Protein chains: 2
Amino acid sequence: LTMSDELCIGTIRCLAIDMVAGAKSGHPGAPMGMAPIAHTLFSKHLNFDPKDPDWINRDRFVLSNGHGCALLYSMLHLTGYDLPMSEIKNFRQLGSKTPGHPERMEGHVGVEITTGPLGQGIASAVGFALTQKHLAERFNKPGHTLFDHFTYVFCGDGCLMEGVACEATSFAGHLKLGNLIVVYDDNQITIDGPTSLTYSEDVEAKYQALGWHTTVVTDGDTDLVAMNKALEECKAVTDKPSMILLKTTIGFGSKMQGTAKVHGAPLAADDIKQVKTKAGLDPEASYAVSDDVYAAYKKSVAANGGAKHAKWQQTWKSYATAHPAEHAELDSFLKGKLPDGWEKTLPMSKEGEKKATRQCSEISLNAIAPAVTNLIGGSADLTGSNLTRAKDSTDISQDSAVGRYIRFGIREHAMAAIANGIAAYGAMIPFIATFFNFVTYAWGAVRVGALSELGVIHIATHDSIGLGEDGPTHQPIEVPALCRATPNLYFYRPCDQTETSATYLNAIENRKAQHVVALSRQGVPMLSTSSVEGVRKGAYCIFGDVKTADVIIVSSGTEVSLAIEAAKIYGNAAVVSLVCSRLFDEQSATYRESVLPVGTPVVGVEPFSGVGWERYCHYFMGLKGFGASAPAPKVYDLFGLTKENIAEKAKALVAKLGKNAPSLHPIEL
Amino acid sequence: LTMSDELCIGTIRCLAIDMVAGAKSGHPGAPMGMAPIAHTLFSKHLNFDPKDPDWINRDRFVLSNGHGCALLYSMLHLTGYDLPMSEIKNFRQLGSKTPGHPERMEGHVGVEITTGPLGQGIASAVGFALTQKHLAERFNKPGHTLFDHFTYVFCGDGCLMEGVACEATSFAGHLKLGNLIVVYDDNQITIDGPTSLTYSEDVEAKYQALGWHTTVVTDGDTDLVAMNKALEECKAVTDKPSMILLKTTIGFGSKMQGTAKVHGAPLAADDIKQVKTKAGLDPEASYAVSDDVYAAYKKSVAANGGAKHAKWQQTWKSYATAHPAEHAELDSFLKGKLPDGWEKTLPMSKEGEKKATRQCSEISLNAIAPAVTNLIGGSADLTGSNLTRAKDSTDISQDSAVGRYIRFGIREHAMAAIANGIAAYGAMIPFIATFFNFVTYAWGAVRVGALSELGVIHIATHDSIGLGEDGPTHQPIEVPALCRATPNLYFYRPCDQTETSATYLNAIENRKAQHVVALSRQGVPMLSTSSVEGVRKGAYCIFGDVKTADVIIVSSGTEVSLAIEAAKIYGNAAVVSLVCSRLFDEQSATYRESVLPVGTPVVGVEPFSGVGWERYCHYFMGLKGFGASAPAPKVYDLFGLTKENIAEKAKALVAKLGKNAPSLHPIEL
Ligand SMILES: [Ca+2]
Ligand SMILES: [Ca+2]
């Protein structure tokens, strides 16, 4: 422990406790306990350039125990990121860049991924490591090493106990991600008390069984030499992810150190003072950072990441000359540019054909994958059902990460968190796949992705009772309402090839939202009236004329063709395809009223819960309970979702409402 | 392998493949591979009495790889459960007791828990084992062993890779559940292909690190002696859960055995014939069971479970005399009877007090726990925040399971699945707790619980932007819509002590549904007009007079008192507390129209997504995006959820609609 190290660590600790005290809420325990390892990592290992926080080959740092974010913000401030002291003092206040948990979004520089919901950070970090490995194997050339950085994760007991972390770390071990280094803050405390209350794993043996390299630091409070050595050791192990089991004292320095009491509330004023005194700081000063501390970090950042970044820029420049095609391709990835005219490859419906929309999706993917060469993704062990592996795809495996197809295993939650990491990395466009009903297994990550404006495409097949025999355990009822209620998530249910391709067009273009694409197991007719422009507006008339129809049937996906059959039975009826309710809601009132004219009765048809459908119809035909296990046509019959019954209900609704149906459009005040 | 064993195993295999062939869909691979262990378990170890399938001390059997349910149904049929051959032949057909995945529900005897969604079975089985241990320690007396059964689980790679299983098995290891025995069908195959594609764990070493006893059977295809020995060995280990790593060949006997091709589709007709020939059965006969096979199982069932059950009945009888109080208490648990007058203990609001509704919940629990002595539950490491530990509670720990408070660790998904298991066991009333936003981490289990009619109470605190500084990662937006869209799930958001107590009353009485109770972090005034009867109807007028009001404000939970303040500003306005929309929807049209009279404009207020609110209001005030990190009052201001703004919008709505607002009530056709 040099003078400078000691001062830096003390400063980090005291900044963190001042932030929590200033906000009158927050978590001092983890920042105090992890200040020494944070100092060691940021001053001696982590390569980054605060002047160019988006530099693609920077080391990624993830504070998976996001409640300890006072630590992250302190480090970002001290090492020169655009996070001034005013933001530090504004911790957990409205409009600050220092919210209660780290939120990855525009302007929050240095926050690589949103954390706080436990387990998400470490799982998304696996996505960082995987993307780095893919890009390194794909674009590095002899003499031109563009990608060689590490991904570092801090996490606590909370993260490691979460299922999503268990899945992700198993996956990382399988893929031998040697560029991933996790520091486990082994402080023997969780919120409820000592870990002995709930957690008896031999964590080291477990991670070895998962194929990880492990190393233990027995004194994480003061032994900087050991911490440094452990980081060096892990960086040298390139064929396995590494975990440092760091024994620390939660709230180190506080009078209540080593107890759950120091986890999640401000320290008492007198406790803060004695921490500062022990750290050699002025007990009366708050948010105090000496010039020496700023200078020490400025020097180390310049020597590490600064120097590496300068050298990298040279490499990148000469790469342009030596490998112009690869340079251009990677450059377009980094700039988020799609190849000119890629959308022309999108296949459209051929009338007369019948296909499952998951097959339409496969056809679309087969067209997109060769054109959009940063599309990467896979399935949670349902490749043959989700139909997500484009022709001529290559798997990412233990031996090679150059391919673009990922075998996620039966790990839906980790898959979604990893996809968030891939999207946040800043080069690739991730898609992932499972059955629609099991998107909820992954919801923790889906919501964080939506909140963080991360562009992930969720391919969700077997989307309804139309899957038939697998039964109600596999038939979603509540999932569409969930998706529609989630901000910044676009839920699509295309009805044929044209709508499926248009869905991919939207999803690939909008790189700042989560996209859930519900696709059918069973076949439906391809339509001649489906339209790309219609999909872009979320809903449109796909049959008949809404202006003159007695009644409109609004439906989505596989029930659109059923609705058309019902409309034909009825006679003067029109059908609207509601592909994406959020896109429709975003349209002008004029457009919305042109699709659903005021006065005309509307029947809604979708084999799900009707929650939310009051906005789009006067009478809803769907499911009130769970589904049933039987061949699909029998299940549709059981729930009255037949063309005859729909036509009958339309007739009854017209009899009731005539031309005076109340407006469905939201009242603006 | 005796003649009889061989014939039984062949019969199981062939029944399973005939079922899948008959249904033209399903999963033959796992049943064929696991037929030998199923035969060994059911004929030599599993204690049950098909004549009394609810016998409380039966061994529990869980087929966690539920897609292999042809195996389960075959075993239930062969061993004498009320599952006749007609049901076997009706596999995956409408209305059968043999759906595509096992569904625990009325009439589906022998199905202990719903499985199919991977990982749920093994996690719920932990709930079985925990409940057994609790009841054994609580009610067994010297000479009176009422509870001494085992819980057996079959599972495959799919289950073990799921996060929910990782969480649950870690928890089981921590609690040293020696009455839990898992058979891992280690067949080296998943749907996508060989496990080497995705799964490189040293499973045995991992489970040892989790505190499990492990044993390997290298030939699970034919070595019945080894399988039997492994089961004996695991039963003898009483201080750890056990795992048998059983190496099997998926689809054993098929021409495609050992490959993913045999996992999830019917075998070809010629393949079926050769399997039957190899098994010594008539290749032309379908669903063939010889009298010898029925006789063999009849004999073994009588000798095992039959004899044990008869003896148990004697014990139970003499227990009544020796321990009358305990007998009466346990008897009421088993019959689902609540103590007379328990509901009189429920605390009501005292006007003038201010409390967080999570505090109201704590007060209710403190009253309920001593009265309802089969209430059992805990929190996922948020005890001090969820306020779920009643006074004088005792923890369930490694050393003693006699308490009724469970420290689940940071394992939300497993917690919910375990609670399903506790509910399915048939004696205890489980509650569990986390932050409302993290109920979605557990959704896989919540939905299975709703589908299976399992009575679990989810205590979900910190339910909105009112939690303030922790920010949008912790502030639910979409979760209420999800809950409301889920069949057989009651979502409550009580506004004060009276409503919270009434919520518990409903939830404890309805033992066939999932109940999610959203509770606040922040304080609100206790009201004098809140009502138990109102809560029972889901919604009711809590302020003013809906019949004469210009405008009605519908709200829930912490915003009810805000709505009342807004109504006071407005003047002639009434407020409706929508505690539980599902209960309200279940009321008569007359009642619903008495609460929301046709013609009167209605403003809805809830700090969530408005999806679904079109049914309860003409104009909704909530959140369109995610929340914000700041002190709660500032967040409410930011989103316009202030009494002044609500009053203003109410005024504007009245100006727009007058007394001619359209009906909000569903049209019946
Ligand atoms: Ca900890
Ligand atoms: Ca397997």
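Residues numbered from 1 in each chain as written. Chains lettered and ligands numbered in written order. Predicted model: local features only at pLDDT ≥ 70, side-chain atom pairs only at ≥ 80, totals over all residues. Heavy atoms only, no water.

## Focus on the pattern of salt bridges
Two side chains that carry opposite charge are able to pair once their charged atoms sit near each other.
Phase 1 of the analysis: A complete count under the given rule lists 55 salt bridges over all chains for this structure.
Phase 2 of the analysis: Its salt-bridge partner being Arg484(B), residue Glu606(B) comes within 2.9 Å of it at the nearest N-O pair. Taken together, the residues Glu606(B) in the loop between strand S20 (602-605) and strand S21 (619-621) and Arg484(B) in helix H17 (residues 479-485) connect sequence positions 122 residues apart. For the residue pair Glu606(B) and Arg484(B), the accessibility class agrees, reading buried in each case.
Phase 3 of the analysis: Via salt bridges that share partners, Asp192(A), Arg389(B), Asp395(B) and Arg407(B) belong to a single interconnected network. (Salt bridge = Lys/Arg side-chain N within 4 Å of Asp/Glu carboxyl O. Helix = DSSP H or I, 4+ residues; strand = E, 2+ residues; numbered from the N terminus. Buried < 20%, exposed > 50% of the residue type's maximum accessible area, 1.4 Å probe, protein only.)

## A look at the packing of helix H2 (residues 29-44) of chain B against helix H9 (residues 224-236) of chain B
Residue and element names in this part refer to chain B.
Phase 1 of the analysis: Running from amino to carboxyl end, H2 crosses H9 at an angle of 55°, the nearest separation of the two axes being 10 Å. Considering the angle they form, H2 stands oblique to H9. The way H2 lies across H9 gives a crossing that is right-handed. Each of Pro36, Ile37, His39, Thr40, Leu41 and Lys44 in H2 lies in contact with H9, whose residues at this interface are Leu224, Met227, Asn228 and Leu231. (Axes fitted to C-alpha atoms, helices over the stretch in contact; angles between N-to-C directions. Parallel < 35°, antiparallel > 145°, perpendicular 65-115°, else oblique. Left-handed = near helix turned anticlockwise from the far one by under 90°. Contact = heavy atoms within 4.5 Å.)

## Digging into the coordination of the calcium ion (ligand 2)
Residue and element names in this part refer to chain B.
Phase 1 of the analysis: The protein atoms donating to the calcium ion (ligand 2) are Asp157 (OD), Asn187 (OD1) and Ile189 (O), with metal-donor distances spanning 2.3 Å.
Phase 2 of the analysis: In primary-sequence terms, the residues that donate to the calcium ion (ligand 2) follow D-x29-N-x1-I. Taken as a pair, Asp157 in helix H6 (residues 157-161) and Ile189 in strand S4 (residues 189-190) lie far apart in primary sequence, 32 residues in all.
Phase 3 of the analysis: Using a relative accessible area of 3% as the deciding quantity, one classes Asp157 as buried.
Phase 4 of the analysis: Judged by relative accessible area, which is 10%, Ile189 ranks as buried. (Donors = N, O, S within 2.8 Å, 3.2 Å for Na, K, Ca; no water.)

## Describing the coordination of the calcium ion (ligand 1)
All names here are of chain A.
Phase 1 of the analysis: All of the protein donors around the calcium ion (ligand 1) are Asp157 (OD), Asn187 (OD1) and Ile189 (O); their distances to the metal are 2.3 Å.
Phase 2 of the analysis: Written as a sequence motif, the donor arrangement for the calcium ion (ligand 1) is D-x29-N-x1-I. On the criterion of sequence distance, the pair formed by Asp157 in helix H6 (residues 157-161) and Asn187 in the loop between strand S3 (180-186) and strand S4 (189-190) is long-range, its members being 30 residues apart. Neither Asp157 nor Asn187 differs from the other in exposure class; each is buried.

## Re the relation of the copies chain A and chain B
Phase 1 of the analysis: Mapping chain A onto chain B calls for a rotation angle of 180° and an axial translation of 0.0 Å; the resulting RMSD is 0.0 Å. With respect to symmetry, the two chain copies, as superposed, fit the operation of a two-fold axis.
Phase 2 of the analysis: The fraction of interface residues of chain A whose copies in chain B are also interface residues reaches 100%, indicating that both copies meet through the same surface. (Least-squares fit on C-alpha atoms with pLDDT ≥ 70 in both.)

## Section: the environment of Asn510(A)
Residue and element names in this part refer to chain A.
Phase 1 of the analysis: When you line up the elements, Asn510 lands in the loop between helix H18 (497-509) and strand S15 (514-518).
Phase 2 of the analysis: Among all residues touching Asn510, those that are not within four sequence positions of it are Tyr490 and His515.
Phase 3 of the analysis: Only 2.9 Å separates the side chain of Asn510 from the backbone nitrogen of Lys512, close enough to count as a polar contact. (Polar contact = N/O pair within 3.5 Å; in protein donor to acceptor, adjacent residues only side chain to side chain.)

Function cannot be read off these values alone, since they describe shape.
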